[in-house]
Structures are given as C-alpha cells and as structure tokens.
Amino acid sequence: MSNLLFDPIKTQSRVTDSVIVGFSGGKDSIVTLDLCVKYFKRVVPFFMYLVPELEFQERTLKWYENKYNIEIIRIPHFECSNFLKYGSFTMADWNVDIVGINDTYEYLRQQTGIEWIAAGERCADSIVRNAMIKKSGSIDYKRGRFYPLAYWKKNEILQYIKQKKLYLSPEQRKIGFSFRSLAGSELSVIKSLYPDDYKKILKVYPFSEAGVKRFEEYGK
C-alpha cells in the first residue's frame, strides 16, 4: 500500500486538530474513522439512521465506540423527512418539516463546535464524485469537508481493513455496502440475516415490504 495514500489526511491534520466524521458502518467510513482517530486530537463521529436502534447497526456502532473510546452521535437520516412527509413506504404526514443534508451538517457543527467534516468519498466511486474531488481537491475549503480516502481504490480499502483487523459486518459482506436504503434488494438481506430488525423497519415503513416481495419473486 503506497504511503502517498496517506498524504491527504496528513495535510488535513495540519488544517485543524478537530473533525466530525460521517460514519455509516460501511467499509469507506470504517477506514475514514480509523485514519481520523490516528491523525486528529478530537474526533466526533455521527451515524444517520433510517430506523433507530436496529440491533445489527448498534452492534457495529458499539464495537467502534469501544475500540476508540468515543461516542458516536446517532441522528435521523435527512431522507427520513422526505419519506415521512410524502408517504414513501408509509402514510404521508404533511406536518413533517423537510430536512436537508446542509441542515444536518449545520446541526452537527453547532452541537460539537467543530467546523470540518470528514467523509469517505473517493474519486473511484463514480464520475460525479471524481469530478467533485478533482474540483475541490481532498480539502474542500468552501464546504468545510475533508476527503481522506480521495485517491484510494476499493482493494486498498479492503486491504487496510484486513491489516488493521477492523470489524466488517455480515450485511456488509453480503450486499457489499452498509444498509442505506429501503430498496427491496437490501431489505431482503436484512430480513434473512436479522428478522427482528426487519420487523422494526416494517413498523416504521410498512409499505417497504412490497419491494421485498417483488425482489424475492422477480429479482428486481
């Protein structure tokens, strides 16, 4: 693994000694958090949930809280406001206020007093992210964002996780990324691995079961 991969976070650590870290439990966020703990004095991770206190997600969060002796802030994912207001997967509630990603970041900055936010975006993720990072560099001064993994490839992420013996959850290995949507393909995996958590999800988003049945019957 090339030492050049660590140049971005070394540079970022000279900008500030404190950072907020977006942590999904996915492989990119796992490496991002591990690097930030090594290079910053104060690290405050946050986790955005679609349904609170799912046991399989809490297992991952607690593993990393214990490893680094830190607390991970749990907050609703900003997309939840759209789901609830407009009736995606549940009955619509027009009294719900829409929350955006910038609202979430502003809340976290106010709660922690930290300006900079580190996230696991990589150039190799997509054309869009490649263009975004090429424009700003690994330090986005305008948005107050760090991209420690800007130039990492997937195999380097997995190699790092293996070398450092970091926890990669079963659903990660099965679907290739952290549970992040109510798509039938993802929920079907949760249903098979964590049936009790699947029931919790259906209590909040009962209509999402239709997507699971469609996926299990037709594969899409």
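The shown structure was predicted, so the numbers you read here are calculated from the model rather than taken from an experiment.

Thresholds applied
Residues numbered from 1 in each chain as written. Predicted model: local features only at pLDDT ≥ 70, side-chain atom pairs only at ≥ 80, totals over all residues. Heavy atoms only, no water. Helix = DSSP H or I, 4+ residues; strand = E, 2+ residues; numbered from the N terminus. Rg over C-alpha atoms; globule rule 2.2 N^0.38 Å. Buried < 20%, exposed > 50% of the residue type's maximum accessible area, 1.4 Å probe, protein only. Pairing = 2+ DSSP bridges. Contact = heavy atoms within 4.5 Å. Axes fitted to C-alpha atoms, helices over the stretch in contact; angles between N-to-C directions. Expected span 1.5 Å × (residues − 1). Parallel < 35°, antiparallel > 145°, perpendicular 65-115°, else oblique. Right-handed = clockwise from strand over helix to strand, strands pointing away. Phe/Tyr/Trp six-rings, centres within 6.5 Å; stacked < 30°, edge-to-face > 60°.

A.B. asks: Tell me about the overall build of the protein chain, and name the residues and values.
C.D. replies: Assigned secondary structure in the protein chain consists of 11 helices and six strands. For the protein chain, whose C-alpha radius of gyration is 18 Å, the value lies close to the compact-globule estimate of 17 Å for 220 residues. Projected onto its principal axes, the C-alpha positions of the protein chain cover 50 × 40 × 35 Å. Relative to its 220 residues, the protein chain shows a buried fraction of 48%.

A.B. asks: I'd love a proper account of the sheet that holds strand 2 (residues 42-49), names of residues and values included.
C.D. replies: Within the open sheet, the six strands sit side by side as 3-2-1-4-6-5. Their pairing is mixed. Two strands in the sheet have a free side with no partner beyond their single neighbour: strand 3 (73-76) and strand 5 (139-140). Across five bridges, strand 1 (residues 18-22) lies against strand 2 in parallel orientation. Residue pairing for strand 2: G22 is matched across the bridge by F46. The strands that helix 2 (residues 27-39) touches are strand 1, strand 2 and strand 4 (117-118); relative to strand 1, the one it contacts most, it runs at about 165 degrees.

A.B. asks: Mind laying out helix 3 (residues 55-68), listing which residues take part and the relevant values?
C.D. replies: Between the first and last C-alpha of helix 3 there are 20 Å, a value that for 14 residues agrees with the 20 Å anticipated at 1.5 Å per step. Every buried residue belonging to helix 3 is among F56, Q57, E58, T60, L61, Y64, E65 and Y68, and all of these are buried. Those residues of helix 3 that are buried are in contact with helix 2, strand 2, strand 3, helix 8 (170-175), helix 9 (184-193) and helix 10 (195-204).

A.B. asks: Give me the lowdown on unusual backbone geometry, citing residues and values where you can.
C.D. replies: Positive phi, normally seen in glycine, also occurs at F89, with a value near 75 degrees. Here the phi dihedral of K165 falls at roughly 55 degrees; this positive angle occurs in a residue that is not glycine. Turning to its location among the elements, K165 is positioned in the loop between helix 7 (154-164) and helix 8. You can call K165 exposed: its relative accessible area is 70%.

A.B. asks: Can you break down the packing of helix 9 against helix 11 (residues 209-218) residue by residue, with the values?
C.D. replies: When two helices pack together, you describe them by how their axes are tilted relative to each other and by the distance separating the axes. Between helix 9 and helix 11, whose axes approach to 8 Å, the crossing angle comes to 90 degrees. Put simply, helix 9 runs roughly perpendicular to helix 11. When helix 9 is examined against helix 11, the residues G184, S185, L187, S188 and K191 are found in contact with a partner set consisting of G211, V212, F215 and E216.

A.B. asks: Would you mind going over the pairing of strand 2 in detail, with residue names and values included?
C.D. replies: Regular strands place their side chains on alternate faces of the sheet. Counting buried positions over the eight residues of strand 2 gives six, a clear majority of the element. Handedness of the crossover joining strand 1 and strand 2 through helix 2: right-handed. The parallel pair strand 2 and strand 3 is bridged by helix 3, and the resulting crossover is right-handed.

A.B. asks: Explain the environment of A183 to me, and be specific about the residues and the numbers.
C.D. replies: Turning to its location among the elements, A183 is positioned in the loop between helix 8 and helix 9. Among the residues examined, A183 registers a relative accessible area of 33% and is labelled partly exposed. Along the primary structure A183 and A124 are separated by 59 residues, whereas in three dimensions their C-alpha atoms are 24 Å apart.

A.B. asks: Which residues make up helix 2, and what values go with them?
C.D. replies: With 13 residues, helix 2 ought to run about 18 Å at 1.5 Å a step, and its terminal C-alpha atoms sit 19 Å apart, in line with that. For helix 2, the set of buried residues is K27, D28, S29, I30, V31, T32, L33, D34, L35 and C36.

A.B. asks: Please give an account of the packing of aromatic side chains that cites residues and values.
C.D. replies: Summed over the entire model, instances satisfying the criterion amount to 16 aromatic pairs. Relative to Y194, the ring of F56 lies with its centre 4.6 Å away and its plane at 5 degrees, an arrangement referred to as stacked. Taken as a pair, F56 in helix 3 and Y194 in the loop between helix 9 and helix 10 lie far apart in primary sequence, 138 residues in all. By relative accessible area, F56 is classed as buried at 1%.

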